[in-house]
Amino acid sequence: SDGRESKPHEPGVVEPVKVVDDIDKRFGQNNHVDVKPNQDIHGNYDGQRQMLAPRFIVDPNDPIYRRGDSSQAGEEGHAVNVDKTKLSKEEKTKYDLGFQNNAFNQYASDMISIHRTLPKNIDEECKIEKYAEDLPDTSVIICFHNEAWSVLLRTFHSVLERTPDVFLNEIILVDDFSDMEHTKTPLENYVSQYPKVKILRMEKREGLIRARLRGAAVAKGKVLTYLDSHCECMEGWIEPLLARIKKDPSIVVCPVIDVIDDNTFEYHYSKAYFTNVGGFDWGLQFNWHAIPERDRKGRRAIDPVRSPTMAGGLFSIDRGYFEKLGTYDPGFDIWGGENLELSFKIWMCGGTLEIVPCSHVGHIFRKRSPYKWRTGVNVLKRNSIRLAEVWLDEYKEYYYERINHQLGDFGDISQRKALRERLECKSFKWYLDNIFPELFVPGESIAKGEIRNQGDTSQCVDGVAEEGEQKPLGLYPCHGQGGNQYWMYSKDGEIRRDESCIDYAGSDVMIFPCHGMKGNQEWKYDHNGSRLTHVVTGKCLEMSKDGARLMMSGCDDGNAYQKWRFKEYSEE
Ligand code: UD2
Ligand code: MN
């Protein structure tokens, strides 16, 4: 293993969602940059030119390209390394603007053919799999709001060129009220050469969920396949998906989502053996985890694997079955939560959700959202509350604790509740017990909420780590919003949030993936004495007097900076 394979989703599909703090930052700030995008990225927009040959803005002989032959920039999914320091002032400006407008390296993308080749499926077993010839056909629906020209077209061509004609009913591009010029007439002209392609325009910004619904409403294929507008499909991507739906239309399938590097556009193929499945945490944030042992038994690495949730962007579903399930909640705005809504619904209402390791589609994972969100309302939180109200039963409380019970106005959900009744869906408890038993359910915690210092009562323990990551634990003024200050003290003596535990191994106090073996992660909380003792070392958690950092010291009853209180405590 080259280290990359073992972390197939490393650049972080979980990135965009984060917990409440970050969500607020993301919503509060207007990310959109109001500069006109470079309308001339490929020399012209006459719609006639098929951009087979990439246009080189920097010297093609420059060794900044990994591959010697630069007319091959990015071919076979290779990286395009642009050395910004070698660009002229004008080119540098373009480069920066590309990042600003898209949150990925548009400049690099513009150097790569929109028909570039990708690595061949690396899993040998997949190459010899046989699929029926009479698979159902599919409509491919791609929603976008201000997608970069070269990226959008590469997505589109990868579908057109790598989906056998008999299986491709149509491609529907749903423009969610973009304002970049190239998405208007130039795009129209361009796709007019392709009879199977249509563009739908939203009359106002609706968000990706209602845009997807609009696409579904006109689609004619037996199957609906959704993709983000910055994807690249690999050869052979569609057959394994359609084959599952042909077998049983209540199976909803996702390809493996490979990572396209947001900077170099390198395509990282993730081998079947490293396939991850989707989960979520009590912040209702999607995450990945390894296939649990019980699902590994008796299956080949390339066999479809059940997944508790889907990431959301890339999947195929039988059109009739999607309608039967009541599609998406049309009350969901802009972005987020719809993937969990659909996932829970599929499982609870009698369907199956799978990831199919022989089907591969690459996706550019971004570190921030480049487009405008609604001002004054946290749409992701609102979407998540709607979902919790309808599908989570009593478990919704765990989410509400994380957002400090600030529900606000989440609109009318009576129709969605009626849908659940009508479909006679199972309970969320059934889902947890049977589909996602690995999830930590906070029910049994002894203490929970913020952990407030008693020497300086404005300071709280604060920190967050990505799945599997370790990080020093910090402090921050108490904000009472839950989020990164929400902790649970478990019966096993862990101080945890989801899969992150507070860990002390002799130097810094860390956030570490929970291992369930006590050791460095075992704490004793004395509520009356307001004290947090690390069991193995016998030291006490202390805050420096300036509130800047956490440390572990010999316990001293007279030191208020060693005193901590959880917001809630329940005696056993
Ligand atoms: C992930 C999903 C995405 C969606 C989202 C949660 C993958 C690879 N991606 O976020 O599909 O499920 O989680 O909602 O699983 N868009 C619009 N209108 C908008 C905002 C976005 O049409 O108002 C489009 C956008 O151009 C893109 C798609 O929706 O094609 C998804 O947006 P994203 O790429 O910003 O989301 P992503 O991949 O971070
Ligand atoms: Mn995306």
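What you are looking at is a predicted structure, and each value in this text was computed from that prediction instead of being measured.

### Quick look at the overall build of the protein
- Along the protein, the regular secondary structure elements total 15 helices and 25 strands.
- Out of the 572 residues belonging to the protein, those deemed buried represent 59%.
- By element, 49% of the accessible surface of the protein is carried by carbon and sulfur atoms, the whole surface being about 23100 Å².

### Details of helix α2 (residues 89–102)
- If you check α2, its first and last C-alpha atoms are 20 Å apart, about what 14 residues at 1.5 Å a residue would give, namely 20 Å.
- Within α2, the full set of buried residues consists of Glu-91, Tyr-95, Gly-98, Asn-101 and Asn-102. Here the buried residues of α2 occupy an arc of 140° about the axis, which is enough to place them on one side.
- Lining the buried residues of α2 we find α3 (106–111).

### With respect to the packing of aromatic side chains
- Under the definition given, this model contains 30 aromatic pairs.
- Aromatic pair Phe-280 and Trp-282: ring centres 5.8 Å apart, planes at 80°, arrangement edge-to-face. Per residue, the accessibility class of Phe-280 equals that of Trp-282, and both read buried.
- Aromatic pair Phe-280 and Phe-344: ring centres 5.1 Å apart, planes at 70°, arrangement edge-to-face. Taken together, the positions of Phe-280 in strand β8 (residues 276–280) and Phe-344 in helix α11 (residues 338–348) put the pair 64 residues apart, joining distant regions of the chain.
- Classification of Phe-344 as buried rests on a relative accessible area of 0%.
- Through successive ring pairs, a cluster of aromatic residues spans Phe-280, Trp-282, Phe-344, Tyr-395, Tyr-398, Phe-428, Tyr-431 and Phe-436.
- Here the guanidinium or amino end of Lys-426 rests over the ring plane of Trp-430, the centre of that ring lying 4.3 Å away.
- Above the face of the Phe-440 ring, Arg-496 is positioned so that its terminal group lies 3.8 Å from the ring centre.

### Some points on unusual backbone geometry
- Despite not being glycine, Glu-424 shows a phi value in the positive range, around 50°.
- Following the sequence through the fold, Glu-424 ends up in the loop between α14 (414–423) and α15 (428–434).
- A positive phi angle, close to 50°, is found at Ser-530, a residue other than glycine.
- Inspection of the secondary structure assignment puts Ser-530 in the loop between β21 (523–526) and β22 (531–534).

### Thoughts on the pairing of strand β12 (residues 352–364)
- Most of β12 is tucked away: 12 of the 13 residues are buried.
- Sheet topology places strand β5 (residues 231–233) next to β12; three bridges connect them, and they run antiparallel. Note that in β12 the partner of Cys-231 across the bridge is His-363.
- With 10 bridges connecting them, strand β6 (residues 251–260) and β12 associate as parallel partners. Each residue of the ladder has a partner; that of Val-252, found in β12, is Leu-353.
- In the sheet, strand β10 (residues 305–306) pairs with β12 via two bridges, with the strands oriented antiparallel. If you follow Arg-306 over to β12, its bridge partner there is Glu-354.

### Notes on the site of ligand 1
- Around ligand 1 sit 23 residues, and of these Asp-176, Asp-228, Gly-336, Glu-338 and Tyr-371 come closest.
- Side-chain polar atom of His-230 to an oxygen atom of ligand 1: 2.9 Å apart, as the coordinates give it.
- Notes on ligand 1: free accessible area 740 Å², of which the protein chains cover 95%.
- Looking at the shell around ligand 1, the elements that each hand over two or more residues are β1 (138–144) and α7 (208–218).
- Looking at side-chain class alone, the shell around ligand 1 contains nine nonpolar, eight polar and six charged residues.

### Notes on the nonpolar core
- Leu-227, Phe-280, Phe-344, Phe-428 and Tyr-431 are the most contacted members of the largest nonpolar core, which has 106 residues in total.
- Setting aside anything within four residues of it in sequence, one finds Phe-344 in contact with Phe-280, Thr-309, Leu-387, Trp-391, Leu-392, Phe-428 and Tyr-431.
- Counting residues in hydrophobic clusters, the runner-up holds 24 residues, among them Leu-475, Val-509, Met-543 and Phe-566.

### Considering the side chain of Ser-307
- If you trace the backbone, Ser-307 turns up in the loop between β10 and β11 (315–318).
- Polar side-chain contacts of Ser-307 include one of 2.7 Å to the backbone oxygen of Thr-309.

### Some remarks on helix α12 (residues 379–391)
- When the terminal C-alpha atoms of α12 are compared, their 18 Å separation across 13 residues agrees well with the 18 Å that a helix rising 1.5 Å per residue should span.
- Within α12, 12 of the 13 residues are buried, which leaves it mostly tucked inside the rest of the structure.
- Residues of α12 that are buried: Val-379, Leu-380, Lys-381, Asn-383, Ser-384, Ile-385, Arg-386, Leu-387, Ala-388, Glu-389, Val-390 and Trp-391.

### Some points on the UniProt feature "domain: Ricin B lectin" (unreviewed entry) in the protein
- In the numbering adopted here, UniProt assigns the feature "domain: Ricin B lectin" (unreviewed entry) to residues 448–567.
- In residues 448–567, helix accounts for 0% and strand for 43%; the two terminal C-alpha atoms are 6 Å from one another.

### Re the side chain of Asp-258
- With respect to the helices, strands and loops of the structure, Asp-258 is situated in strand β6.
- Under the relative-accessibility criterion, Asp-258 is labelled buried at 0%.
- Not counting chain neighbours up to four residues away, the residues in contact with Asp-258 comprise Met-234, Tyr-267, His-268, Tyr-269, Ser-270, His-360, Val-361, Gly-362, His-363 and Phe-365.

### With respect to the state of the cysteines
- Under the counting rule described, the total for this entry stands at five disulfides.
- What connects to what in the protein, once the bonded cysteines are numbered by sequence position, is 1-3, 2-4, 5-6, 7-8, 9-10.
- In this structure Cys-143 is not part of a disulfide, and its nearest cysteine sulfur, from Cys-231, lies 11 Å away.
- Residue Cys-143 is classed as buried on the basis of its relative accessible area, which comes to 12%.

### Describing the pairing of strand β13 (residues 447–453)
- The buried fraction of β13 is high, at six of seven residues.
- As paired elements, β13 and strand β17 (residues 487–489) share three bridges and run antiparallel to each other. Counted as the bridge partner of Ala-447 is Tyr-489 from β17.
- Sheet topology places β13 next to strand β25 (residues 564–569); five bridges connect them, and they run antiparallel. Bridge assignment links Arg-452 to a residue of β25, and that residue is Arg-565.

The rules behind each value
- Residues numbered from 1 in each chain as written.
- Chains lettered and ligands numbered in written order.
- Predicted model: local features only at pLDDT ≥ 70, side-chain atom pairs only at ≥ 80, totals over all residues.
- Heavy atoms only, no water.
- Helix = DSSP H or I, 4+ residues; strand = E, 2+ residues; numbered from the N terminus.
- Buried < 20%, exposed > 50% of the residue type's maximum accessible area, 1.4 Å probe, protein only.
- Areas by Shrake-Rupley, 256 points an atom, 1.4 Å probe, with all protein chains shown as cover.
- Expected span 1.5 Å × (residues − 1).
- Arc of directions from axis to C-beta.
- Contact = heavy atoms within 4.5 Å.
- Phe/Tyr/Trp six-rings, centres within 6.5 Å; stacked < 30°, edge-to-face > 60°.
- Lys NZ or Arg CZ within 6 Å of the ring centre and 35° of its normal.
- Pairing = 2+ DSSP bridges.
- Near = heavy atom within 4 Å.
- Polar contact = N/O pair within 3.5 Å; in protein donor to acceptor, adjacent residues only side chain to side chain.
- Nonpolar A, V, L, I, M, F, W, Y, C, P; charged D, E, K, R; others polar.
- Core = buried A, V, L, I, M, F, W, Y, C linked by side-chain atoms within 4.5 Å.
- UniProt positions renumbered as here; feature names shortened; annotations may be inferred.
- Disulfide = S-S within 2.5 Å.

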